[in-house]
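# Tertiary structure, described
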Amino acid sequence: MAAAWGRRGGPALLRGALGAAAGRACSSGAPVRAPAAGAQELQSSGRGRFLLEHAAPFSAFLTDSFGRQHNYLRISLTEKCNLRCQYCMPEEGVQLTPKSELLTAQEIITLARLFVKEGVEKIRLTGGEPLIRPDVVDIVGQLYKLEGLKTIAVTTNGINLTRLLPRLKEAGLNAINISLDTLVPAKFEFIVRRKGFHKVMEGIHKATELGYRPVKVNCVVMRGFNEDELLGFVDFTKDLPLDVRFIEYMPFDGNKWNFKKMVSYKEMLDTIKQRWPELEKLPCEISSTAKSYKVPHFQGQISFITSMSEHFCGSCNRLRITADGNLKVCLFGNSEVSLRDHLRAGASEEELIRIIGAAVGRKKKQHAGMFNISQMKNRPMILIGSHPEQRWHSTTGILQTQLRGCCVFQKDPSSAFDTKCLEASPVGQASVDCQSRETSPGSEFCTRDLASCTKVPHASDKLTHTDEEGRATMVNVGGKPDSRRSAVAGAVVRLGEKAFGMVRQNQVKKGDVLAVAQIAGIQGAKLTSQLIPLCHNIPLNHVEVSLSLDEARYAVVIRSSCQTWGRTGVEMEALTAASLAALTVYDMCKAVTHDIVIEEVKLLSKTGGQRGDFLRV
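Residues numbered from 1 in each chain as written. Predicted model: local features only at pLDDT ≥ 70, side-chain atom pairs only at ≥ 80, totals over all residues. Heavy atoms only, no water.

### Things to note about the confidence of the model for the chain
Averaged over all residues, the pLDDT of the chain is 77; the fraction at 70 or higher stands at 69%. With pLDDT under 50 throughout, residues 368-376 is counted as low confidence; its partners more than four residues away or in other chains account for 56 contacts. Every residue in residues 386-459 scores below 50 in pLDDT, and together they form 180 contacts with partners more than four places removed in sequence or on other chains. (pLDDT = per-residue confidence, 0-100. Contact = heavy atoms within 4.5 Å.)

### Considering helix α6 (residues 161-171)
Spacing of three or four residues puts side chains on the same side of an α-helix, whose turn is 3.6 residues. Buried within α6 we find L161, L164, L165, L168 and A171. Buried residues of α6, viewed axially, fall in a sector of 125 degrees; they line one side. Within α6, the exposed residues directed more than 90 degrees away from the buried face are R163 and E170. Buried residues in α6 make contact with α5 (136-144), β4 (151-156), β5 (175-179) and α8 (197-209). Note on α6: the residue one or two positions beyond its end, G172, has a positive phi of about 130 degrees. (Buried < 20%, exposed > 50% of the residue type's maximum accessible area, 1.4 Å probe, protein only. Helix = DSSP H or I, 4+ residues; strand = E, 2+ residues; numbered from the N terminus. Arc of directions from axis to C-beta.)

### Let's talk about unusual backbone geometry
For residues that are not glycine, phi is negative in most cases, and the peptide bond is trans in most cases. Here the residue pair G127 and G128 is connected by a cis peptide bond, since its omega of 10 degrees sits within 30 degrees of zero. Residue position: G128 is located in the loop between β3 (122-126) and α5. Of note, the amide linkage connecting R213 to P214 takes the cis form, showing an omega dihedral of -10 degrees. A positive phi angle, near 55 degrees, is found at E600, a position not held by glycine.

### Section: the sheet that holds strand β8 (residues 280-281)
Judged by pairing direction, the sheet is mixed, and its 12 strands sit side by side in the order β8-β10-β11-β7-β6-β5-β4-β3-β2-β12-β13-β14 without closing on themselves. Each of the sheet's edge strands pairs with one partner strand only, and the pair in question is β8 and β14 (337-338). By the bridge criterion, four bridges tie strand β2 (residues 72-76) to strand β12 (residues 318-321) in an arrangement that is parallel. Of the residues in β12, the one forming a bridge with Y72 is R318. Along the sheet face, α5 touches β3 and β4 and points at about 175 degrees away from the line of β3. (Pairing = 2+ DSSP bridges. Axes fitted to C-alpha atoms, helices over the stretch in contact; angles between N-to-C directions.)

### Describing the environment of T156
Following the sequence through the fold, T156 ends up in strand β4. Sequence separation between T156 and L131 is 25 residues; the distance between their C-alpha atoms is 6.9 Å. Excluding its chain neighbours within four sequence positions, the residues that come into contact with T156 are E129, L131, L161, I176, N177, I178 and S179.

### Remarks on the pairing of β4
β4 sits mainly inside the fold: six of its six residues count as buried. Because side chains alternate across β4, one face comprises the buried residues T151, A153 and T155, and the other comprises I152, V154 and T156, equally buried. Pairing between β3 and β4: four bridges, direction parallel. Bridge pairing in β4 links I123 to I152. Since β3 and β4 lie parallel, the crossover through α5 that links them has a hand, and here it is right-handed. Where β4 and β5 come together, four bridges link them in parallel fashion. Bridge assignment links T155 to a residue of β5, and that residue is N177. Taken together, β4, α6 and β5 form a β-α-β motif whose crossover is right-handed. (Right-handed = clockwise from strand over helix to strand, strands pointing away.)

### Side note on the packing of aromatic side chains
Aromatic rings in a pair are described by how distant their centres are and how their planes are angled relative to each other. According to the stated counting rule, one finds eight aromatic pairs in the structure shown. On the basis of an interplanar angle of 35 degrees and a centroid distance of 5.7 Å, the ring pair of F246 and F304 is categorised as tilted. Within this pair, whereas F246 is found in strand β7 (residues 242-248), its partner F304 is found in strand β11 (residues 301-305), the two being separated by 58 residues in sequence. The exposure class assigned to F246 is buried, which follows from its relative accessible area of 0%. Owing to a relative accessible area of 0%, F304 belongs among the buried residues under this scheme. Through successive ring pairs, a cluster of aromatic residues spans F233, F246, Y265, Y293 and F304. Here K169 stacks its cationic end above the ring of Y212, 4.9 Å away from the centre of that ring. In this structure, K291 packs its charged tip against the face of Y265, placed 5.5 Å from the ring centre. (Phe/Tyr/Trp six-rings, centres within 6.5 Å; stacked < 30°, edge-to-face > 60°. Lys NZ or Arg CZ within 6 Å of the ring centre and 35° of its normal.)

### Here we look at the pattern of salt bridges
With the rule as written, the count across this model stands at 19 salt bridges. Among the salt bridges present, the one from K187 reaches E229, with a minimum N-O distance of 3.0 Å. Residue K187 is found in helix α7 (residues 185-192), and its partner E229 is found in the loop between β6 (215-221) and α9 (230-236); the two are separated by 42 residues along the sequence. Each member of the pair, K187 as well as E229, is classed as buried. E600 is the partner of R553 in a salt bridge, and the nearest nitrogen-oxygen pair spans 3.3 Å. (Salt bridge = Lys/Arg side-chain N within 4 Å of Asp/Glu carboxyl O.)

The following block contains the structure:
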């Protein structure tokens with residue numbers, strides 16, 4: 001069976017440090033360091049030398065369809081936590097899974113052994129708060145006995161760290177991440193809704209005393225909360241061997257996320273460089289999620305986790321097991337596979353491997369199939385066991401919809417363009433081109449069924465995206481002047497009474513429809529040039545997508561707006577945003593009904609450019 005399934009027969013790359021190619025560059029342009037702790041660090045211990053000498057080809061079951069090898073497993077030990085961080089958990093807490101449905105210590109070790117056997121080299125214990133689980137020290141001790149496991153790490157809020165760390169270190173814990181979002185005690189209590197600042201600080205110092213290098217400190221940066229403490233956190237690394245990791249604020253259920261709270265990596269970096277212009281970029285690991293920097297002569301360093309602004313999906317090597325035994329191949333996806341159920345049903349090792357391999361094989365290229373990170377319906381972060389990463393779907397299929405009859409009247413006497421009426425017909429029928437006799441100054445766009453007219457600028461007398469021989473070509477905008485451009489587009493999605501009610505009550509299984517569609521539209525606008533072949537890649541200054549509910553029509557009404565300063569307009573970006581938001585609404589509701597109609601996808605207004613402004617009235 002093992003031979004038939006190609007077990008451990010994936011790409012012939014050695015595990016761990018042997019998998020890095022010397023001189024490769026990471027996404028930020030810095031030199032690449034070997035994965036995990038690096039070959040030199042591994043060779044510094046007898047255990048490390050043994051693992052390097054006995055490295056095996058990586059498991060095909062933990063390699064996805066994009067060639068990513070998943071050698072890092074995060075295991076949530078509990079859903080409980082003794083804090084209530086605002087970005088992580090609703091103030092009222094979450095509905096906990098019954099204890100009988102959580103993984104036992106033995107089940108955790110059984111699954112961990114299976115993953116390690118297939119090539120996992122690093123296991124991180126998370127929560128909830130992992131250090132409130134009574135048997136956490138014993139679990140670490142049993143993990144340490146697994147042959148092939150190089151790193152056992154824990155992510156903790158630090159409240160219980162001082163008391164437990166000596167025993168954890170003795171059991172085999174060799175890496176620590178501590179969450180701390182402020183250096184101000186009063187602000188700490190506000191953010192986490194509990195006391196405990198001094199306990200966390202004691203835990204950080206205890207970790208440095210016990211020789212952990214570096215002690216990683218996770219700081220979620222939130223505008224209006226703690227972005228004013230960036231310099232203080234950098235200074236925190238001056239005399240301590242810390243790696244302060246600034247994490248871009250990310251969306252999870254219950255954290256009331258919005259774009260205004262997010263401080264981007266580049267903004268943070270600019271702020272820090274104003275104080276320390278000599279800040280140095282450090283080499284990064286192939287699968288690293290962090291961009292690391294160091295102030296010369298400081299003991300520690302800083303890093304940025306850029307999940308929102310610059311995702312790192314291409315090198316993702318992480319899998320997650322939730323406290324109730326579900327495997328998540330992507331933090332941003334709400335798709336999960338219950339390993340607990342299969343384990344308790346008596347599944348054999350080979351059956352479990354096939355189940356895991358199938359899940360890994362379905363892993364999407366990025367963010368569970370999203371174009372970028374979104375404001376998604378997913379487990380609250382506390383139930384996943386991670387600092388920020390989430391999901392939306394690539395839409396499938398094309399909706400057949402009835403096109404509205406419309407006429408375009410060209411009434412500019414200075415134009416040689418004939419006045420024509422283009423009447424759109426139902427899908428599958430040809431459009432009719434007929435002459436119109438109306439003439440008057442200006443020009444109008446009329447939809448017959450709405451009796452509405454729109455003033456439009458002069459039209460071109462030829463298609464701008466074809467050459468003289470009729471072949472597709474991109475417009476050369478090099479000679480155009482830069483100007484301020486904006487565009488607004490809209491769309492309507494008619495859901496029907498049942499689906500509309502579920503959206504309004506936020507009861508759709510896939511998640512928060514309006515929130516997901518909003519981010520889908522925003523990311524769609526940013527990726528327009530990749531979706532529409534002849535569109536220019538435009539640096540957008542602003543994108544906004546809003547969705548509202550129209551109860552009279554049982555519809556979602558979408559409005560998108562885009563702005564830029566450049567040589568070409570942003571109509572396509574606005575239309576793409578509205579379209580993708582509409583398609584995402586359809587995708588999330590199609591399990592309820594397929595009787596959904598997307599209509600009125602149209603440009604509402606534009607400003608800037610040689611052809612003047614446009615306003616649909």
